[in-house]
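# Breakdown of the fold
Residue-level listing of the chains:
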Amino acid sequence: MTAFDDLFAANAKYAETFGDSGLTGRAARGLAVVTCMDSRIDPLGLLGLQPGDAKILRNAGARVTDDVLRTLVLAVYLLGVERVLVMPHTDCGMTKATDDDVHALTQARGVDTRSLDFHTVPDQQEALRHDLTRIRTSPFLPQDMPVTGAIYDVRSGRLLPAGD
C-alpha cells in the first residue's frame, strides 16, 4: 500500500467513463482564471464552465507572479485566451501570515527559505489592484485585453467584483 493508491484507484474509475478526449487544449471560452490553490474553490463550477472552457492558473493567494505572467503569455498567444479574471478568495491563509512568519516557521524546522518571496497578502484589495495592474501593463500581453478581478466568498459561493 502506498500513499497514492487511493488516487490511482479513483482515476481508474474516472477513466472508465471519461468523455473529454476530443478537447483541444485551447480555452474554448477564451478565458484564463488566476485563482488560489485553496481546495474549497471549484473554478469551473462557480463560473458555470466546463472542462476545456478556460485555463485555470492556481497558486497560493491567487498572486500574479512572474510565472503567472509567463503562463498568461503562453495562454494568450498559443491557447486562445482573450480575457483574464483574477480571483482571490475570502478566508485565505495568505492573508493570515507574513513572509517573515513563514520564514520563521520553516526555520524552526531547519529550513532556510529567506531566498523565497511568498507573496503573502496583508491587504487583499490592494494586492488584487496590484496584480490587475501587472497584467494590464505587461508589455508582453495585448494592451486592450479585458482583465478584471473579483473575490470569491468561500462562505456564500458568490463572486464579489472588484472595483477596478
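Residues numbered from 1 in each chain as written. Predicted model: local features only at pLDDT ≥ 70, side-chain atom pairs only at ≥ 80, totals over all residues. Heavy atoms only, no water.

Across its full length, the protein chain carries 5 helices and 5 strands. Helices and strands appear in the protein chain in the N-to-C order α-β-α-β-α-β-α-α-β-β. Each principal axis of the C-alpha atoms in the protein chain carries an extent, and together these give about 55 × 45 × 30 Å. Counting every position in the protein chain, which comprises 164 residues, the buried fraction comes to 35%. Within the protein chain, contacts between residues at least 6 apart in sequence are counted, and of these 66% link residues at least 24 apart. Here the protein chain displays about 10,100 Å² of accessible surface, and carbon together with sulfur accounts for 56% of that area. Charge centroids of the protein chain, computed over 17 positive and 22 negative side chains, lie 3 Å from each other. (Helix = DSSP H or I, 4+ residues; strand = E, 2+ residues; numbered from the N terminus. Buried < 20%, exposed > 50% of the residue type's maximum accessible area, 1.4 Å probe, protein only. Contact = heavy atoms within 4.5 Å. Areas by Shrake-Rupley, 256 points an atom, 1.4 Å probe, with all protein chains shown as cover. Lys, Arg positive; Asp, Glu negative; His and termini not counted. Charge placed at Lys NZ, Arg CZ, Asp CG, Glu CD.)

This part covers the pattern of salt bridges. Following the criterion strictly, the structure yields 10 salt bridges and no others. Note that D66 is salt-bridged to R134, the shortest N-O span being 2.6 Å. Of this pair, D66 sits in helix α3 (residues 66-78) while R134 sits in helix α5 (residues 124-136); the two residues are 68 residues apart in sequence, bridging distant segments of the chain. What makes R134 partly exposed here is its relative accessible area of 25%. Note that D112 is salt-bridged to R114, the shortest N-O span being 2.6 Å. Relative accessible area serves as the criterion here: at 43%, D112 is assigned to the partly exposed category. (Salt bridge = Lys/Arg side-chain N within 4 Å of Asp/Glu carboxyl O.)

Turning our eyes to something else, we now look at the environment of L47. Following the sequence through the fold, L47 ends up in the loop between α2 (43-46) and β2 (54-59). Judged by relative accessible area, which is 24%, L47 ranks as partly exposed. The spatial distance from the C-alpha of L47 to the C-alpha of R158 is 9.8 Å, given a sequence separation of 111 residues. In this structure, L47 is in contact with V33, L85 and L159, ignoring residues within four places of it in sequence.

The subject of this paragraph is the environment of G80. Residue position: G80 is located in the loop between α3 and β3 (83-87). Judged by its relative accessible area of 12%, G80 is buried. Residues G80 and G30, spaced 50 residues apart in sequence, show a C-alpha to C-alpha distance of 5.5 Å. Not counting chain neighbours up to four residues away, the residues in contact with G80 comprise R26, A27, G30 and A75.

Quick look at a nonpolar patch on the surface now. Residues F4, L7 and F8 make up a contiguous nonpolar surface patch of roughly 360 Å² in combined accessible area. Looking at the secondary structure, you find F8 in helix α1 (residues 5-16). (Patch = residues over 30% accessible without salt bridge, like charges linked within 9 Å, V, L, I, M, F, W, Y side chains within 5 Å.)

This paragraph deals with the sheet that holds β2. The sheet built from 5 strands is open, its strands ordered β2-β1-β3-β4-β5 with mixed pairing. Strands at the two margins of the open sheet, each flanked by one partner only, are β2 and β5 (159-161). When the angles between neighbouring strand axes are averaged without regard to direction, this sheet yields 25°. Sheet analysis places β3 next to strand β4 (residues 147-152), joined by 3 bridges and oriented parallel. (Pairing = 2+ DSSP bridges. Axes fitted to C-alpha atoms, helices over the stretch in contact; angles between N-to-C directions.)

Glancing now at the pairing of β3. Within a regular beta strand, the side chains point alternately toward one face of the sheet and then the other, so they alternate between its two faces. Here β3 lies mainly inside the structure; 4 of its 5 residues are buried. Sheet topology note: the strand β1 (residues 31-36)/β3 ladder contains 5 bridges and is parallel. Bridge pairing in β3 links T35 to M87.

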